[in-house]
Amino acid sequence: MIQVVRKGLFLILVVIAFVLGTQNPALVKVDYIIASSEVPLASLMSLCVVFGLVLGLLLGIGKITQLKRQIRQQQRVNQSTQRTVVND
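Residues numbered from 1 in each chain as written. Predicted model: local features only at pLDDT ≥ 70, side-chain atom pairs only at ≥ 80, totals over all residues. Heavy atoms only, no water.

- Per an unreviewed UniProt entry, the chain carries the name DUF1049 domain-containing protein and comes from Pseudoalteromonas viridis.

Thoughts on the overall build of the chain
Next, step 1: Counting its secondary structure elements, the chain contains two helices and two strands.
Next, step 2: In the chain, the succession of helices and strands from N to C terminus is α-β-β-α.
Next, step 3: Its C-alpha radius of gyration of 24 Å places the chain more than 25% over the 12 Å reference for a compact globule of 88 residues.
Next, step 4: Summarising its shape, the C-alpha atoms of the chain cover approximately 75 × 45 × 10 Å along the three principal directions. (Helix = DSSP H or I, 4+ residues; strand = E, 2+ residues; numbered from the N terminus. Rg over C-alpha atoms; globule rule 2.2 N^0.38 Å.)

Some remarks on the confidence of the model for the chain
Next, step 1: Mean pLDDT over the chain: 85, with 98% of residues reaching 70 or higher.
Next, step 2: Looking over the chain, one finds the lowest element-wise mean pLDDT in helix H1 (residues 2-23), namely 81, and the highest in strand S2 (residues 36-40), namely 90. (pLDDT = per-residue confidence, 0-100.)

Details of the UniProt feature "domain: Lipopolysaccharide assembly protein A" (unreviewed entry) in the chain
Next, step 1: In this structure's numbering, the residues bearing the UniProt feature "domain: Lipopolysaccharide assembly protein A" (unreviewed entry) are residues 23-83.
Next, step 2: Secondary structure content for residues 23-83 is 72% helix and 16% strand, and the end C-alpha separation is 66 Å. (UniProt positions renumbered as here; feature names shortened; annotations may be inferred.)

What about a nonpolar patch on the surface?
Next, step 1: Nonpolar side chains collect at one region of the surface, where Met1, Val5, Leu9, Ile12, Leu13, Ile16 and Leu20 lie side by side and expose about 720 Å² of accessible area between them.
Next, step 2: Along the chain, Leu9 falls in helix H1. (Patch = residues over 30% accessible without salt bridge, like charges linked within 9 Å, V, L, I, M, F, W, Y side chains within 5 Å. Areas by Shrake-Rupley, 256 points an atom, 1.4 Å probe, with all protein chains shown as cover. Salt bridge = Lys/Arg side-chain N within 4 Å of Asp/Glu carboxyl O.)

With respect to the pairing of strand S1 (residues 27-31)
Next, step 1: As defined by bridge partners, S1 adjoins S2 across five bridges and the pair is classed as antiparallel. Across the sheet, residue Val28 finds its bridge partner in S2, namely Val39.
Next, step 2: In textbook terms, the turn of a hairpin is the stretch between consecutive antiparallel strands, and for S1 and S2 this stretch comprises four residues. (Pairing = 2+ DSSP bridges.)

Re the UniProt feature "transmembrane region" (unreviewed entry) in the chain
Next, step 1: The sites that carry the UniProt feature "transmembrane region" (unreviewed entry) are, in the present numbering, residues 41-62.
Next, step 2: Between the C-alpha atoms that bound residues 41-62 the distance is 32 Å, and the span itself is 100% helix and 0% strand.

Regarding H1
An α-helix turns once per 3.6 residues; consequently, residues spaced three or four apart project the same way.
Next, step 1: Helix length check: H1, at 22 residues, gives a terminal C-alpha distance of 32 Å against a target of 32 Å (1.5 Å per residue), a fit within 8%.
Next, step 2: Little of H1 is tucked away: zero of the 22 residues are buried. (Expected span 1.5 Å × (residues − 1). Buried < 20%, exposed > 50% of the residue type's maximum accessible area, 1.4 Å probe, protein only.)

Section: a positive patch on the surface
Next, step 1: Where like charges cluster on the molecular surface, the positive patch consists of Lys68, Arg69, Arg72 and Arg76.
Next, step 2: Tracing the chain through its elements places Arg76 in helix H2 (residues 41-87). (Lys, Arg positive; Asp, Glu negative; His and termini not counted. Charge placed at Lys NZ, Arg CZ, Asp CG, Glu CD.)

Laid out in structure tokens, this is it:
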């Protein structure tokens, strides 16, 4: 069921991206630090979305890894505490 919802949401996002891309064909001037160029607005929006997704995934993976490490440490503390209680 969850995979059906995920696929549905992905399909909706693809349709929205397609509509936005077809409705924004204009060229936009983008100034970089040392250069500038003109790119289609749809491409610029897509690039920004992809960059945001990658950044969000990296931050999310970092936080998940940190929380898993804390869980493992707490489990070790709990196991050692249980051993001392059982031995006493």
